[in-house]
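# Working through the structure, step by step
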Amino acid sequence: MSSVLISATQQMLRETGESCSFFATERLIPSLEVQGLINTTPSHVTAGEYLRWRQRCIKRAQRVLAGDTPMPADWVVTWLAQLSQPYRDKCAQKLAALQGLMQMPLPQRNHARVNAVRAEIDTITQRFGAVLASAAPAHDGVYDQSDCRRELRLLQNRLLDLYQQIGCEMANIEAATGIIPDSITISSRSPLCQPGGASVAV
C-alpha cells in the first residue's frame, strides 16, 4: 500500500511541479502533527531549536517518499488526504483494490438541511464524458484482438470510474430519502434471496 501511495505522490509532484520539500512542509507534516502521528512541536524552545525539529520531521518524510525508510502504517490515510485531486481519488481506488474492495465514498451530507445529501449528477456527467472520449475501441461496434490494448484499458478504467460514481449517487439518494431502486425492493421479497433459497450469480 505504501508503494502505491508513494508512486501517486511522486506522480503528483512530477506533473504539478510541486517540490517534495513543500509537500512535506506545508501539507504532510502539519497534518501528521494534528493527527498526533508525529511528535508535536516542542514547547518553550528557541527559534533555532524549532527549525531543527522541523527539519528532522521533513527529512523523515522525504526518506519515506524516497523509499529509504518504511512508511508507518498510521500515516497512510493522512498522507492520502494530502494528495491533490485527481491523484487522491485514483490512489484511493488502487488502495481499495489491493484489499479486494471497490472504493465508494460515503454520501456527503448537506449540513444546511436535515437528512439532505449533496447531489453529484454533475460528476456522473463528467465521468460519462470521459467514457465517450475514451471510446475509440467501440467505434467499429465490436471489441476484438485488433483493438489497441492501451485504449481498451483506458476505456475500462473510465467505465469503472463511472460505475463507482453511479453507485455513490444511488447511495446518496438512499441516505437522504430511504428510497431504493424497485428491483432491489422486489428482490428483497424473492424466495431466491431468502436464507435457504437458491443462490443467484450476478
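In this report, the structure presented in the accompanying data block is examined. Quantities reported herein were computed from a predicted structural model and do not represent experimental measurements. (Residues numbered from 1 in each chain as written. Predicted model: local features only at pLDDT ≥ 70, side-chain atom pairs only at ≥ 80, totals over all residues. Heavy atoms only, no water.)

Turning our attention to the overall build of the protein. Secondary structure summary: the protein contains eight helices and two strands in total. Walking the protein from its N terminus toward its C terminus, one meets helices and strands in the order α-α-α-α-α-β-β-α-α-α. When each of the 202 residues of the protein is scored for burial, the buried share is 30%. Residue pairs in contact within the protein that sit at least 24 positions apart in sequence constitute 58% of those at least 6 positions apart. Surface accessibility of the protein: about 13400 Å² in total, with carbon and sulfur atoms responsible for 56%. (Helix = DSSP H or I, 4+ residues; strand = E, 2+ residues; numbered from the N terminus. Buried < 20%, exposed > 50% of the residue type's maximum accessible area, 1.4 Å probe, protein only. Contact = heavy atoms within 4.5 Å. Areas by Shrake-Rupley, 256 points an atom, 1.4 Å probe, with all protein chains shown as cover.)

Right, let's talk about helix H5 (residues 87-98) for a bit. Helical geometry note: an α-helix holds 3.6 residues per turn, so side chains three or four residues apart project in the same direction. In this model H5 runs 17 Å from its N-terminal to its C-terminal C-alpha over 12 residues, within 8% of the 16 Å that 1.5 Å per residue would give. Within H5, the full set of buried residues consists of Tyr87, Cys91, Ala92, Gln93, Leu95 and Ala96. For H5, the secondary structure elements touched by its buried residues are helix H1 (2-16), helix H4 (76-81) and helix H7 (149-177). With its phi angle positive at about 75°, glycine 100 sits one or two positions after the end of H5. (Expected span 1.5 Å × (residues − 1).)

In this section: the packing of aromatic side chains. Under the definition given, this model contains two aromatic pairs. Between phenylalanine 23 and tryptophan 79, the aromatic rings sit 5.8 Å apart at their centres with planes inclined by 50°, giving tilted as the arrangement. Placement of the pair is phenylalanine 23 in helix H2 (residues 20-34) and tryptophan 79 in helix H4, with a sequence separation of 56 residues. Its relative accessible area of 1% is what places phenylalanine 23 among the buried residues. (Phe/Tyr/Trp six-rings, centres within 6.5 Å; stacked < 30°, edge-to-face > 60°.)

Attention now moves to the nonpolar core. Of all hydrophobic cores here, the largest spans 28 residues; its most connected members are Leu5, Met71, Trp79, Leu83 and Cys91. Discounting chain neighbours no more than four positions away, the residues touching leucine 5 are Met71, Val76, Trp79, Leu80, Leu83 and Cys91. (Core = buried A, V, L, I, M, F, W, Y, C linked by side-chain atoms within 4.5 Å.)

Now for the environment of lysine 90. In this fold, lysine 90 is placed in helix H5. Aside from chain neighbours lying at most four places away, what touches lysine 90 is Arg158 and Asp161.

This brings us to H2. The terminal C-alpha atoms of H2 lie 20 Å apart, and with 15 residues this matches the ideal 21 Å at 1.5 Å per residue to within 8%. The sharpest bend along H2 measures roughly 35° and falls at leucine 28, with the proline proline 30 sitting one to four residues further on. When we look at burial in H2, the residues that qualify are Phe23, Ala24, Thr25, Leu28, Ile29, Ser31, Leu32 and Glu33. Each element contacted by the buried residues of H2 is listed here: H1, helix H3 (47-66) and H4. In the segment just after H2, glycine 36 is the residue with positive phi, at about 75°. (Bend = angle between axes of the 7 residues up to and from the residue.)

Don't take any of this as a statement about function, it's just geometry.
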